[in-house]
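Residue strings, one per chain:
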Amino acid sequence: GRLRTNKVSNGTKYLPPTVLFMIVVPCVLFSIFETPYATTRHDNRSLIALVVLFYYFWLMTIISFVQTAMSDPGMLPRNIHPGQWQTQNEFSSFITPQDYYNIVTLPAHTSKKNHPEMNNSIDIKYCKTCKIWRPPRSYHCPTCGVCIQTHDHHCIWVNNCVGQRNYRYFITFLMGAISTSSLLIITGSIHLHRVHGVTSRAPVSILLIIYGGLVIWYPLILLLYHIAMTATQQTTREYLKTMSDNSVKNPVMHPRIKRVPTNIFDRGNYVTNMFSLMGQVRGPNVWSPRDKVNQTGDWRLQEW
Amino acid sequence: QGDGVEADQSVESESDIPLFFNYHEFQETYYIEAGSIDQGAKEHDQEHALVITHFPNIYASLDSTEWETTRIVRISRAYDKRVNYPCFSEYIPGSEPAAIVNDTTKDKFVCQGKVPRDGQWYGYSSVSPLSLYFTPTQFQEIISKINQLIEEEYKIGSLTNIVDLSLGVFTLGLYTWIRSRSAIAKSSKLDDYIIQLNNSPDFKRCGVMLIPLTRSGYLSLDFQVPIPSVLGG
Ligand SMILES: CCCCCCCCCCCCCCCC(=O)O
Ligand SMILES: [Zn+2]
Ligand SMILES: [Zn+2]
């Protein structure tokens, strides 16, 4: 497994197993009550096709859930950019110069040229905890204790950050969960229809339809949000920041997902924007605490 | 200070256009002058501040010889070229648009003062010890090649990424899993190029080494250089 210090708060550490349970239980019920029904009725191949599709999307859901939870979200190494090493005292340590506390504005390239009157610039910041000059769109996650590349958000349901290296798994998970829930509703409805709506002859189908109808909403709303945010070239974090800057009190109930004119990452096209975030290159794992090179003196693992 | 126009504020003040500079460097005013070591450290004005252009070698452990004998010169990311994935500055330190310049030293690093805090020698300008080993053209050629290899690794429309993305999703991660164990995934043109540079006679002769980018997390391009010092310092 991963070797890293994860300060899991007690309140949320049961959430990932709960989600896992919520994925596994309907599949068990489906296998006992729906699969035998569909496979014994040879007159209907399309029902069997739906059952096959159910298992495919169920596997997609559970695999991408594990990938989102267990893979590296894009952790940046620590202590790459310390200022000075003070050797004067008995206790040697790194010193962060005053200049590193400033926000640095640098010229930036942008593919969008619709605001020629504006200077294209980028603000970069030094992470005092990690002692690194962070690339744009990276943020420090206090829960994980590291800076994450293209940080989207820290997800308490998977107990991991969602960032550059696992965003595609997260989106796949949402799509899988929506598809699986839809198939629960569809196959259950067909079953119910075949027994002429006599509920006592297919009680579990009713249960699965209700379950599918309940659990579909959360991933569906989340996915719609992510489609809108990526189309306007925003991560969840950037979107929430813009909302709080514009003092929108409740961005979930009153969403205003619009393009930000000053966003230098905007590629000027909804589809290109969406693909550039959902399909972003994962890039190499740059943390690899498992590689045995120089383990004892490895500054990347130190916290000061 | 630190807003990209630190080099010549009077010239740049009429426009807000930020200029590129190496954001790793900072200034130090309390130091021992090279010409008068016996007089000890004293406070200097901003005009005569030392520019910190080399840093501790955090790729070596505290008890190693490398820690004692080498320093790191950090090359910044060049956001004016690319913002979506790494790209490093092709300016040899000291030649950036907003570099701190000094007429007496010009484009070669000179030890002009010793900071008692860390016992290191620095100069009055953004020119780093790298200037002793590379000409601006040689430097530019190396970095531009590295930038090109990074682009191949990170380009979103590359065949590798498109195939990995689509097959990765449809085979439920099986493709990604198999690929990660294959030889193609483990070999990297970028790593190979850096290894080749480090083994080249030019690098070996000067004792210069490039730190592999996976170690620095692509945050900066780090050159390991011999510790700069003056005789008797
Ligand atoms: C049969 C399929 C069941 C699917 C069960 C879905 C359970 C919903 C849990 C969704 C967790 C999504 C993670 C959200 C992360 C976040 O934004 O904080
Ligand atoms: Zn950090
Ligand atoms: Zn986190």
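Scope of this entry: the structure provided in the associated data block. Computed from a predicted structure; not experimentally measured.

Moving on, we get to the coordination of the zinc ion (ligand 3). Four donors placed tetrahedrally around a metal ideally meet at 109.5 degrees, and six donors placed octahedrally ideally meet at 90 or 180 degrees. All names here are of chain A. For the zinc ion (ligand 3), the protein coordination sphere consists of Cys141 (SG), Cys144 (SG), His154 (ND1) and Cys161 (SG), at 2.0 to 2.3 Å. Considering all 4 donor atoms around the zinc ion (ligand 3), angles at the metal cover 103 to 115 degrees and the coordination shape is tetrahedral. Along the chain, the residues that donate to the zinc ion (ligand 3) are spaced as C-x2-C-x9-H-x6-C. With Cys144 in the loop between strand 7 (139–141) and strand 8 (146–148) and Cys161 in strand 10 (residues 160–162), this pair connects stretches of sequence that are 17 residues apart. Its relative accessible area of 2% is what places Cys144 among the buried residues.

Residue and element names in this part refer to chain A. When you line up the elements, Arg137 lands in the loop between strand 6 (132–133) and strand 7. The exposure class of Arg137 is buried, given its relative accessible area of 9%. A polar side-chain atom of Arg137 sits 3.0 Å from a polar atom in the side chain of Gln233. A polar contact is formed between the side chain of Arg137 and the side chain of Glu238, at a distance of 2.9 Å. Excluding residues within four positions of it along the chain, Arg137 makes contact with Ile148, Gln149, Thr150, His151, Gln233, Gln234, Thr235, Glu238, Phe265 and Leu277.

This next bit is on the interface of chain B and chain A. If you look at the interface, chain B gives 58 residues, while chain A gives 60 residues. With both chains or domains summed, chain B and chain A bury close to 5000 Å², and 63% of this area falls on carbon and sulfur atoms. Contact with chain A buries surface across chain B, with Arg117(B), Leu172(B) and Leu219(B) losing the most and accounting together for 14% of the total. If you look at where chain B meets chain A, you find 1 salt bridge.

Counting residues in hydrophobic clusters, the biggest one holds 33 residues, and the most contacted among them are Ile23(A) and Phe54(A). Among the elements of the structure, helix 1 (15–33), helix 2 (35–40), helix 3 (45–70), helix 4 (167–194) and helix 5 (203–215) of chain A are those that each provide at least two residues to this core. Considering every element that reaches this core, the biggest residue donor is helix 3 of chain A, with 10 residues. Leaving out residues up to four positions away in the same chain, Phe54(A) has contacts with Cys27(A), Phe30(A), Thr180(A), Leu183(A) and Leu184(A). Listed in part, the 28 residues of the second largest apolar core include Val286(A), Ile142(B), Tyr154(B) and Phe223(B).

Residues and elements named next belong to chain B. Taken as a whole and assessed by the stated rule, the structure comprises 11 salt bridges over all chains. Arg117 is the salt-bridge partner of Glu28, the closest N and O atoms lying 3.5 Å from each other. On the criterion of sequence distance, the pair formed by Glu28 in strand 1 (residues 26–28) and Arg117 in the loop between strand 7 (113–115) and strand 8 (120–122) is long-range, its members being 89 residues apart. Judged by relative accessible area, Glu28 falls into the buried class, the value being 9%. Arg82 serves as the salt-bridge partner of Glu151, at 3.6 Å between the closest nitrogen and oxygen. Remark: Arg82 occurs in the loop between strand 6 (70–75) and strand 7 and Glu151 occurs in helix 3 (residues 136–154); sequence separation between them is 69 residues.

Right, let's talk about the pairing of strand 4 (residues 121–124) of chain A for a bit. Residues and elements named next belong to chain A. Alternating residues of strand 4 divide into Ile122 and Ile124, all buried, and Ser121 and Asp123, none buried. Alignment of strand 3 (residues 104–107) against strand 4, held across 4 bridges, turns out to be antiparallel. Directly across from Pro107, in strand 4, lies its bridge partner Ser121.

Conventions and cut-offs
Residues numbered from 1 in each chain as written. Chains lettered and ligands numbered in written order. Predicted model: local features only at pLDDT ≥ 70, side-chain atom pairs only at ≥ 80, totals over all residues. Heavy atoms only, no water. Donors = N, O, S within 2.8 Å, 3.2 Å for Na, K, Ca; no water. Tetrahedral: all angles 85-135°; square planar, octahedral: opposite > 155°, others 65-115°. Helix = DSSP H or I, 4+ residues; strand = E, 2+ residues; numbered from the N terminus. Buried < 20%, exposed > 50% of the residue type's maximum accessible area, 1.4 Å probe, protein only. Polar contact = N/O pair within 3.5 Å; in protein donor to acceptor, adjacent residues only side chain to side chain. Contact = heavy atoms within 4.5 Å. Buried area = accessible area lost by both parts, 1.4 Å probe. Salt bridge = Lys/Arg side-chain N within 4 Å of Asp/Glu carboxyl O. Core = buried A, V, L, I, M, F, W, Y, C linked by side-chain atoms within 4.5 Å. Pairing = 2+ DSSP bridges.

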